[in-house]
Amino acid sequence: MSDMPLEEFRKNGHQLVDWIADYLKDIEKYPPLAQVNPGDILKRIPQTPPQKGEDIANVLSDVDKILMDGITHWNHPGFMAYFNSTSSGPGILAEFLTAGLGINGMLWKTSPAFTEHEKAMMNWFRKMVGLPANYWGIIYDTASTSSMHAIASAREQLNLGIREKGMAGRHDVPRLRLYCSEHAHSSIEKGALTLGIGLEGIKKITVNDKFEMIPKKLDEAISEDIKNGWKPICVVATVGTTSTTSVDPVENIATICEKHNLWLHIDAAYAGVTAMIPEMKWIAKGWERADSIVINPHKWMFTPMDLSIYFTRKPEVLKQAFNLVPEYLKTNKDAEVENLMDYGIQLGRRFRSLKLWFIIRYFGVEGLAARIKNHIELAQEFAKWIDDEKDFERMAPVPFSTVCFRYNPGNKKEEELNGLNEKLLEDINSSGKIFLSHTKLNGKFVIRLTIGSIRHERRHVLEAAELIKRYCSELRK
């Protein structure tokens, strides 16, 4: 018994590359949002597995017949929802190579090139976004994981013996408190849940009219909690919030964290890549004072899911929180090298840094920055269109490439406007042309349009504007 013969693999591999190339070439023939009902795809898949092997050509054929109707096409230029995670050609090739090599980079010894390559890519990326040399980097899967490791480090820094004794049933451990803005990502709350801090241990700080955390409110909350017996451990500042892409005032927040000796984590998962653009360097003011930072190239740097970069000035605290080496993983090189398994909950580690290597080398820093800058310019153009249309209302500033707006023809109550915009979004997403998402700001239903796909061109933004306008006309009938 053996693997697929190599000549057969070569033939099938060429066929698969051709399929992907044709898919990307013809992607606009698909609706960006899958137009199926729950259970439709499941019904098409046989309930029992095949007893005998099948040809890969049959499997690939069934991708078309069974799955494609139920695919929401994140690579589609009409996909303007959430934050765009799009796969570039070099990123796809890197994924292919990653699977071919099949490496688990848990230890330096399990693949020296893996560990040392990841270190080099972290240094490349650190320089691209302008972080100083005292930041150490590692790759995780998503920002949820990166931020959870930041919160774990903040907890470990307290030296409460939680690693050894845990938290349950202990009267000598105070209640821990984490601070973030009202618009912080839900992954911060999930990280706090995972680490035993609990929802009651999260205090959300009020924002201003630009949806930015108010530093004075943060300082007051920390002082009040200390008086009431809470133990503050961490503040999360967001650079590019999910709802509106607002930017918390990092420098002021850093001053407060230093005053109270708190861990400062910056969630720049979406917007952090823009720091490589000279005109956008303002977003990185104060970053050098943070204890940790997360940036996701899979959100806006054309990197296939998943790849999240975590930087910290205190890797020794991260290691202290998670280092655990059983006998069967000890090597005679441990004193000389970094074993990346020591810096997090994961043992197994994919060769994700290959994606950075391929993408950065293919496009170059200037090419990546130019593409991202173009997306910001397209978003500004769309925002101006919203501002100029009398029946539309922009609901938040546009510092990056996400525009929050709503249809507001006037003479309607807020409840009616919410229903109207919800219906508008449903109509747009059912069109099979574009896919938008929504949020709620101060109780108002708001539509979000995000530009960030490597396939986004100006014509797609103009088409989106025309489609939105058309559906609004139909609502008025």
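Above this text sits the structure in question.
Chains are numbered independently. Their residues run from 1 in the order of the written sequence. Per-residue local features of the predicted model are confined to residues with pLDDT of at least 70, and side-chain atom pairs are confined, for both listing and counting, to 80 or more; whole-chain, interface and lining totals are unaffected and use all residues. Water and hydrogen atoms were dropped before computing side-chain values, which therefore reflect all heavy atoms in the structure.

Undergrad: Tell me about the nonpolar core, and name the residues and values.
TA: The criterion is simple. A nonpolar core is a set of buried Ala, Val, Leu, Ile, Met, Phe, Trp, Tyr and Cys residues joined through side-chain atoms within 4.5 Å. For the exposure calls, accessible area comes from a 1.4 Å probe over protein chains only, and a residue counts as buried if that area is under 20% of its type's maximum, exposed if over 50%, partly exposed in between. In this structure, Val235, Trp287 and Met301 are the most contacted members of the largest nonpolar core, which totals 56 residues. Among the elements of the structure, α5 (112–129), α9 (215–227), β4 (231–238), α10 (250–260), β5 (263–267), β6 (292–295), β7 (308–312) and α13 (353–388) are those that each provide at least two residues to this core. Helix numbering and strand numbering both begin at the N terminus, where a helix is a DSSP run of H or I of at least 4 residues and a strand a DSSP run of E of at least 2. With eight residues, α13 is the single largest residue contributor to this core. Contact criterion: two residues are considered in contact whenever any of their non-hydrogen atoms come within 4.5 Å of each other. If we skip the residues at most four places from it in the chain, Val235 touches Tyr179, Met213, Leu218, Ile222, Ile253, Cys257, Leu262, Trp263, Leu264 and His265.

Undergrad: Help me get a handle on the side chain of Arg455, residues and values and all.
TA: Mapped onto the secondary structure, Arg455 falls in the loop between β11 (444–450) and α15 (458–476). Only four residue types enter the charge count: Lys and Arg as positive, Asp and Glu as negative, with His and the chain ends excluded. Each salt bridge in this description consists of a side-chain nitrogen of Lys or Arg and a carboxyl oxygen of Asp or Glu lying within 4 Å of one another. Buried within the structure, Arg455 lacks any salt-bridge partner; Glu28 is the closest side chain of opposite charge, at an N-O distance of 8.4 Å. Within the structure, Arg455 has its side chain in polar contact with the backbone oxygen of Ser87 (distance 2.9 Å). Contacts described as polar in this section are N or O atom pairs within 3.5 Å, which, within protein, must combine one atom able to donate a hydrogen with one able to accept it, while residues neighboring in sequence count only if both atoms come from side chains.

Undergrad: Which residues make up the side chain of Thr244, and what are the values?
TA: By secondary structure assignment, the location of Thr244 is in the loop between β4 and α10. At a separation of 3.2 Å, a polar atom in the side chain of Thr244 contacts the side chain of Thr241. Engagement of the side chain of Thr244 in a polar contact is seen with the backbone nitrogen of Ser246, the distance being 3.3 Å. Discounting chain neighbours no more than four positions away, the residues touching Thr244 are Phe211, Ala396, Pro397, Pro399, Cys404 and Leu441.

Undergrad: Pulling in residues and values, what's your account of the sheet that holds strand β2 (residues 176–181)?
TA: Strands are labelled as partners when DSSP assigns at least two bridges between them. Taken in spatial order, the seven strands make up an open sheet running β1-β7-β6-β5-β4-β2-β3, and their pairing is mixed. For this open sheet the edge positions go to β1 (136–140) and β3 (202–205), each flanked by a neighbour on one side alone. Averaged over all pairs of adjacent strands, the angle between strand axes in this sheet comes to 20 degrees, irrespective of strand direction. One ladder, built from four bridges, connects β6 with β7; its direction is antiparallel. Each residue of the ladder has a partner; that of Ile293, found in β7, is Phe311. Lines fitted to the C-alpha atoms define the axes, with helices restricted to the stretch that makes contact. Angles between their N-to-C directions range from 0 to 180 degrees.

Undergrad: Break down the pattern of salt bridges for me, with residues and values.
TA: Once their charged atoms are close, side chains differing in charge can pair, the charge on each being opposite to the other. By the definition in use, this model includes 29 salt bridges. Two residues, Asp69 and Arg44, come together in a salt bridge whose shortest N-O distance is 3.1 Å. Taken together, the positions of Asp69 in the loop between α3 (56–67) and α4 (89–101) and Arg44 in helix α2 (residues 40–44) put the pair 25 residues apart, joining distant regions of the chain. Taking relative accessible area as the criterion, Asp69 reaches 42% and is therefore assigned partly exposed.

Interpretation note: all reported values are geometric properties and have no functional meaning in isolation.
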